[in-house]
Amino acid sequence: MATQPVGFFTDTTLCIGCKACEVACKEWNGLPNNPLEFRGSYDNTGQLDHANWRHVRFVEQAGTSQDKPIAWSMMSDVCKHCANASCLEVCPTDAIVRTEFDTVFIQQDVCNGCRDCISACPYGVIGFNSNTGTAQKCTFCYDRLQNHLKPACATACPTQSIKFGPLDEMRQTAAARLDTLHQQGVSQARIYGDKEYGGLHALFLLTDKPEAYKLPSTESAVLPSRNNIPGYLTATVTAVVAAVAGLIAFRRRGEAQP
Amino acid sequence: MPGEHFVVPPHWEWYILLYFFLAGISGGAFVIGTMLRLWGSPADAAASRLAFIVSFPLLLLCPILLTIDLGQPTRFWHMLVDVGSGTPVFKAYSPMSLGVWGLTLFGLFSFVMFLAAVGEGGYLRWRVLAGAGRLMGSALGKVFMVIGAIFGFFVAAYTGVLLAVSNQPVWSDTWTLGGLFLASGLSGAVATILLFSRGRRDAAVTDGKLMEADRYFIILELVLIALFLITLGGVVSKVLGGGWIILWLVVLIGTLVPLIAEWRPTMRRQLPPVVVPVLVLVGVLALRAVIIFSAQA
Ligand code: SF4
Ligand code: SF4
């Protein structure tokens, strides 16, 4: 495969919650098992973090009838490999880089574990591995891409809920699927990721508002750097006022010059 | 109105809290030392020296705290030098990157002024220090101090901007943190100088002026606290709810009691002299603690 921008398209209407993607990801990337604990849900993974680079989110909602008291939506969540990536923006060591496939990758030999990227990622994707002392997340199977292989999760997905391919192709596939669903009367279907952060490399087809899947709305999907100018401006105004206060308090009052 | 957040916390905890506290006081002390030197009388020279002497050792603790907080402490230098190319890493829009450089350069100014203050005060009678001491009174020395004070302002303030340049609830929902940390850092610096000037007659003559300045800094801090809470909108419950209100009470005691005591000498004389500066310092620490911890809870 030529080194062109790649993408995932995750169609939540096809996901059956089997977690084959999670297992394939853990196997390929050698990620540790999760501790066995009861979470009161079929979602026993909980969240994306240093050891979970795919997470099948189980969205439980009130059903539409007595026969169906609960409605399930499943979404296999992953790092979005944002075009304008918050994590990459703040990383002070340049450990986070954009690869030749336009994906976002954390170089484990450069990261020093400052965790600034964790505070920046709006999707709660990155986790801190206390064994390695570094930040970790989905690599988009960088090693597989370099060897012309599909990422492990997309390879394992039995329903093709996770599709992988050149980003442009994924956008077209997503748009076509949205059209089909709209024609079938699924009016609430929508694409997430075509506008957010300059376009995500992981597109999602959702059947509810993004917040239901714990994704920030398009309006809330903002970069950390938005707060640089207001922050420094307030600090500068405070410094000027403090300097005037100092001048008033410390000025000589009829005392001799030094 | 801030949007909904779906983030995980970076677990910046005690080391970072202590770092933010010390950076505020160290930067603030340098600024106060400079202002006393520029605008004060000859009698204020001792307090100014004390400010510079306090600033540097506190600053020395900062990189230690920052380094031990890292997951890979031996890679601290990766923030300064690109591992691959060997060139400096500098990202102006990343406050952590800017802050590391700011801290390094401020360290240089703080160290030189520390030596100059020790030399001028004659605390160590080394010839090289006497030379550095003469720097304090010269025009060149004043230019040096002013540039250093700009870095001092930066070091005291940028930690607030660092929190804001994120996507965390509370921190990223307000533009006030840089100013707020600066104002409280200056107040904490005055308190520290007042504590060290006890029993030193030469420096204590400036206590009145320092307390007057502290009143202004506390008022500035209270205005910024109000703006901070207002700008949070609906997220405000995250910082005021639960047990956090106790820390806010400590912040209030650490600002209002010193403000009144520094205004009313009759009240101040009824309190043991260390009470007011200690209350200020506890308040400065509590303010940072409530902002750092409540957002990550
Ligand atoms: S989803 Fe988070 S970790 Fe992934 S690229 Fe975007 S900001 Fe970075
Ligand atoms: S934890 Fe590592 S990858 Fe994340 S910002 Fe710090 S140095 Fe960069």
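None of the values given here were measured: they were computed from a predicted structure.

Regarding the packing of helix α7 (residues 228-250) of chain A against helix α1 (residues 14-39) of chain B
One can describe the packing of α7 of chain A onto α1 of chain B by two numbers: an axis separation of 9 Å at closest approach and a directional angle of 50°. One finds that α7 of chain A runs oblique with respect to α1 of chain B. In this structure, α7 of chain A crosses over α1 of chain B, and the sense of that crossing is right-handed. Judged by residue contacts, Ala242, Ala243, Gly246, Leu247 and Phe250 of chain A of α7 of chain A engage Ile32, Met35, Leu36 and Trp39 of chain B from α1 of chain B.

Quick notes on the sheet that holds strand β1 (residues 6-11) of chain A
All names here are of chain A. If you walk across this open sheet you meet the four strands as β8-β1-β10-β9, and the pairing is mixed. Of all strands in the sheet, those with a lone pairing partner are β8 (162-166) and β9 (190-192), marking the two edges. In this sheet, neighbouring strand axes are inclined to one another by 25° on average, regardless of whether the strands run parallel or antiparallel. Where β1 and strand β10 (residues 202-206) come together, four bridges link them in parallel fashion. Residue pairing in the sheet places Phe8 in a bridge with Ala202 of β10.

What about the site of ligand 1?
Near ligand 1 there are 14 residues, and of these Cys79, Lys80, Cys82, Cys87 and Cys121 of chain A occur at the shortest range. Split into classes, the residues belonging to the shell around ligand 1 amount to 10 nonpolar, two polar and two charged.

Looking at the domain arrangement of chain A
Accessible area lost upon the coming together of the parts is a frequently used measure of interface size. Under the domain assignment, chain A is made up of domain 1 (6-213) and domain 2 (228-258). Taken over C-alpha atoms, the centre of domain 1 of chain A sits 50 Å from the centre of domain 2 of chain A.

Some remarks on the confidence of the model for chain B
Residue and element names in this part refer to chain B. Per-residue confidence for chain B gives a mean pLDDT of 94; residues scoring 70 or more make up 99%. The weakest mean pLDDT in chain B belongs to helix α4 (residues 127-135) at 80; the strongest belongs to α1 at 98. Across the whole predicted complex the pTM is 0.95, and at the interface the ipTM reaches 0.96.

Regarding the side chain of Lys91 of chain B
On the secondary structure map, Lys91 of chain B appears in the loop between α2 (45-69) and α3 (95-121). Only 2.7 Å separates the side chain of Lys91 of chain B from the backbone oxygen of Leu88 of chain A, close enough to count as a polar contact. Ignoring sequence-local partners within four residues, the contact set of Lys91 of chain B consists of Leu88, Glu89, Val90, Cys91 and Asp94 of chain A together with Ser97 and Leu98 of chain B.

Some points on empty space enclosed by the protein
Residue and element names in this part refer to chain B. What the rule picks out here adds up to five cavities of 30 Å³ or more. Considering only enclosed or pocket space, the largest cavity measures out at about 160 Å³ in volume. If you go around the largest cavity, you meet 14 residues; those closest to its centre are Ile16, Leu66, Met79, Met96 and Leu162. When contributions to the lining of the largest cavity are tallied by element, the ones reaching two or more residues are α1, α2, α3 and α5 (139-164).

Each value, and the rule that gives it
Residues numbered from 1 in each chain as written. Chains lettered and ligands numbered in written order. Predicted model: local features only at pLDDT ≥ 70, side-chain atom pairs only at ≥ 80, totals over all residues. Heavy atoms only, no water. Axes fitted to C-alpha atoms, helices over the stretch in contact; angles between N-to-C directions. Helix = DSSP H or I, 4+ residues; strand = E, 2+ residues; numbered from the N terminus. Parallel < 35°, antiparallel > 145°, perpendicular 65-115°, else oblique. Left-handed = near helix turned anticlockwise from the far one by under 90°. Contact = heavy atoms within 4.5 Å. Pairing = 2+ DSSP bridges. Near = heavy atom within 4 Å. Nonpolar A, V, L, I, M, F, W, Y, C, P; charged D, E, K, R; others polar. Domains from an automatic or database assignment. pLDDT = per-residue confidence, 0-100. Polar contact = N/O pair within 3.5 Å; in protein donor to acceptor, adjacent residues only side chain to side chain. 1 Å grid on protein atoms, 1.4 Å probe; cavity = no way out; pocket = protein on both sides within 12 Å on 5 of 7 lines; lining within 4 Å. Points joined across faces, edges and corners; volume = space filled by probe spheres on them.

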